[in-house]
Amino acid sequence: MYLNSTNNQRYSAATISLYVAWLDKTYLIRECKYWQIKTKAIMANNTKYYLIDNGFFIANEGKINSNISYLLENMVFNQFKRQGYDVYAGTDRYIDIDFVLTFKNKITYVQVCLELNAQNYQHECENLLKINDNNRKIIICEKNKACDINNGIEIILMEDLLKNP
């Protein structure tokens, strides 16, 4: 496996792993392992990374609107880490969940979206509803446009999440 740069230099997986490890040690990024939803096992070989500060992303892109969904997800990840949760990316054969949180043997499944509205309501709820257990399920959004969920999924506004230390 190789990654090509813009000047056609090739970087091996070992080199990329070394660079990522350095970034992790300098606290520029945080590791997020994948959680197998059905087996509740942490997948050792699959990892996502989140920036410790959205300012790094904005400085590189030059504007905030370039990928607002990523910035929002990044903020949520960092907030839950600050609150002491173990945070994983949830996956299963037909399910992808933004985050699986564990804290004191309790599991919470989290979806993150900019705006919850009639157009994306089904999409945001669908994967949460596919999980057949009694753990807490929440959607965190910046704006909630008249969506009332009566299926056990909680809606938390971003501003309320950020108020909790």
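Up top you'll find the structure we're talking about.
Residues numbered from 1 in each chain as written. Predicted model: local features only at pLDDT ≥ 70, side-chain atom pairs only at ≥ 80, totals over all residues. Heavy atoms only, no water.

**Focus on the overall build of the chain**
- When helices and strands are counted, the chain shows five helices and nine strands.
- The helix and strand sequence of the chain, counted from the amino end, reads β-β-α-β-β-α-α-β-β-β-α-β-β-α.
- Carbon and sulfur atoms make up 50% of the accessible area of the chain, which amounts to about 10400 Å² in all. (Helix = DSSP H or I, 4+ residues; strand = E, 2+ residues; numbered from the N terminus. Areas by Shrake-Rupley, 256 points an atom, 1.4 Å probe, with all protein chains shown as cover.)

**Digging into the sheet that holds strand β6 (residues 96–103)**
- Strands sit in the order β4-β3-β5-β6-β7-β8-β9 across an open sheet of seven strands; the sheet is mixed. With one partner strand each, in any of the chains shown, β4 (41–51) and β9 (153–157) form the two edges of the open sheet. Each neighbouring strand pair of the sheet contributes to a mean axis angle of 35°, computed without reference to strand direction.
- Contacting β3 (29–36), β4, β5 (86–91), β6, β7 (106–116) and β8 (136–144), helix α3 (residues 68–82) runs over the sheet at an angle of about 115° to β4. (Pairing = 2+ DSSP bridges. Axes fitted to C-alpha atoms, helices over the stretch in contact; angles between N-to-C directions. Contact = heavy atoms within 4.5 Å.)

**Some thoughts on the packing of aromatic side chains**
- On inspection of all chains with the given rule, the structure shows seven aromatic pairs.
- Relative to Y70, the ring of Y50 lies with its centre 6.4 Å away and its plane at 10°, an arrangement referred to as stacked. Here the residue Y50 occupies a position in strand β4, and Y70 occupies one in helix α3, the gap between them amounting to 20 residues.
- Arranged with centres 5.3 Å apart and planes meeting at 50°, the rings of Y85 and F103 form a pair that is tilted. Separated by 18 residues along the polypeptide, Y85 in the loop between α3 and β5 and F103 in strand β6 bring together distant segments of the chain.
- Aromatic ring contacts, followed pair by pair, group Y50, Y70, F77 and F99 into a single cluster. (Phe/Tyr/Trp six-rings, centres within 6.5 Å; stacked < 30°, edge-to-face > 60°.)

**Some points on a nonpolar patch on the surface**
- A cluster of nonpolar side chains, L18, Y19 and W22, forms an exposed patch at the surface whose accessible area comes to about 330 Å².
- Along the chain, the position of L18 falls in helix α1 (residues 13–25). (Patch = residues over 30% accessible without salt bridge, like charges linked within 9 Å, V, L, I, M, F, W, Y side chains within 5 Å. Salt bridge = Lys/Arg side-chain N within 4 Å of Asp/Glu carboxyl O.)

**What about the pattern of salt bridges?**
- All told, the structure shown has five salt bridges when counted by the stated rule.
- Across the salt bridge formed by D133 and K40, the nearest N and O atoms sit 3.5 Å from each other. In this pair, D133 sits in the loop between α4 (121–130) and β8 while K40 sits in the loop between β3 and β4, placing the two residues 93 residues apart along the sequence.
- The shortest N-O distance in the salt bridge between R136 and E154 comes to 2.8 Å.

**Side note on the environment of I95**
- The residue I95 is located in the loop between β5 and β6 in this model.
- In the structure, I95 is positioned 35 residues away from K130 in sequence and 7.3 Å away in space, judged by C-alpha atoms.
- Beyond its immediate stretch of four places on either side in the chain, I95 contacts I37, G90, N127, K130 and I131.

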